[in-house]
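An overview of the molecular structure
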Amino acid sequence: MRKIIFATNNKHKLEEVQQILAGSFEVLGLNEIGFAGDIPETGKTLEENASIKSKFVFKKFGMNCFSDDTGLEIEALNGRPGVYSARYAGEDGNAENNIAKILSELRGIENRKARFRTVVSLILDGKEHFFEGIANGQIIDEKRGGVGFGYDPVFVPDGYNHTFAEMSSELKNTISHRKKAMDKLVSFLGDN
């Protein structure tokens, strides 16, 4: 099976992508190649952050790799938290505080439209390629569910009555923003 590096130390993301790409690729995280450090995400867009991470890994290790950056974009908040989703309520990246902040900002607002957007940067033989996946939905008023991570307990995807955190990982991984971006990545890699 072909191996590819996913430029992340985020255990949740790595497990999710390994499940999505199972049977197509053996996905290795940064720990598996001996890198436990953080790659600073200094970009102002999801595309820039994804690119920074994949270019860092390719330059340091010379291996084909991909990285992603994902943001929750809420219409009533002019697209916030967006690129700052992971650290919206502070640099510690506390998911509970991030959720509390967006729920506070949305208090009394009827428009709850939101979307998760994932951008993947793939470095293959030194060339960069981008893939995007979007899951549209709504932000609800209270947390529901005990699986998933990040904003999953308050995001209900369009066409469903359950939050991402109430869904099995198998269901979420068939409809998520990350799955849509990964499908494009797999399709591209299958052609190359």
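Values in this document were obtained by computation on a predicted structure and should not be read as measured data. (Residues numbered from 1 in each chain as written. Predicted model: local features only at pLDDT ≥ 70, side-chain atom pairs only at ≥ 80, totals over all residues. Heavy atoms only, no water.)

Some details on helix α1 (residues 11-21)
Definition in use: Only protein chains enter the accessibility calculation, which uses a 1.4 Å probe; a residue whose area is less than 20% of its type maximum is buried, one above 50% is exposed, and one in between is partly exposed. Helix and strand labels come from DSSP, where a helix needs a run of H or I of at least four residues and a strand needs a run of E of at least two; each type is numbered from the N terminus. Each direction from the helix axis to a C-beta atom contributes to the arc, which is the arc of those directions. Whether two residues touch is decided by their heavy atoms; if any such pair falls within 4.5 Å, the residues are in contact. The definition of a polar contact used here is a pair of N or O atoms within 3.5 Å, where within protein one atom must be able to donate a hydrogen and the other to accept one, and adjacent residues in sequence count solely through side-chain atom pairs.
Taken residue by residue, α1 has Lys-13, Leu-14, Glu-16, Val-17, Ile-20 and Leu-21 as its buried positions. Down the axis of α1, the buried set is contained in an arc of 165 degrees. They therefore lie on one face. Where the residues of α1 are buried, they touch β1 (3-6), β2 (26-28), α2 (46-61), β3 (65-74), α4 (169-175) and α5 (177-190). The backbone nitrogen of His-12 has a side-chain oxygen 2.9 Å away, supplied by the residue at the start of α1, namely Asn-10. Trailing α1 by a residue or two, Gly-23 shows a phi angle of about 90 degrees, which is positive.

Observations regarding unusual backbone geometry
The omega torsion of the bond from Arg-80 to Pro-81 falls at 0 degrees, within 30 degrees of zero and hence cis. Residues other than glycine seldom take positive phi values, yet Asn-78 does so here, at roughly 55 degrees. Within the secondary structure layout, Asn-78 lies in the loop between β3 and β4 (81-82). We classify Asn-78 as exposed; its relative accessible area is 70%. A positive phi angle, near 50 degrees, is found at Asp-125, a position not held by glycine. Turning to its location among the elements, Asp-125 is positioned in the loop between β5 (113-124) and β6 (127-139). With relative accessibility at 64%, the residue Asp-125 sits in the exposed group.

Some thoughts on the layout of surface pockets
Quick reminder of the rule: A cavity here means a set of points on a 1 Å grid, drawn over the protein atoms and nothing else, where a 1.4 Å probe fits but cannot get out; a pocket is an open set with protein on both sides within 12 Å along at least five of seven lines, and a residue lines either one if it has an atom within 4 Å of a point. Grid points are joined across faces, edges and corners, and a volume is the space filled by probe spheres set on the points. Any residue outside Ala, Val, Leu, Ile, Met, Phe, Trp, Tyr, Cys, Pro, Asp, Glu, Lys and Arg is labelled polar, Gly included; the first ten of those are nonpolar and the last four are charged.
Its boundaries defined by the atoms lining it, the largest pocket holds a volume of some 1,100 Å³. What lines the largest pocket is a set of 40 residues, and nearest its centre among them are Asn-10, Lys-13, Glu-41, Ala-86 and Arg-87. Of all the elements, β3 adds the most residues to the lining of the largest pocket, at five residues. Class assignment for the residues of the lining of the largest pocket results in twelve nonpolar, 15 polar and 13 charged.

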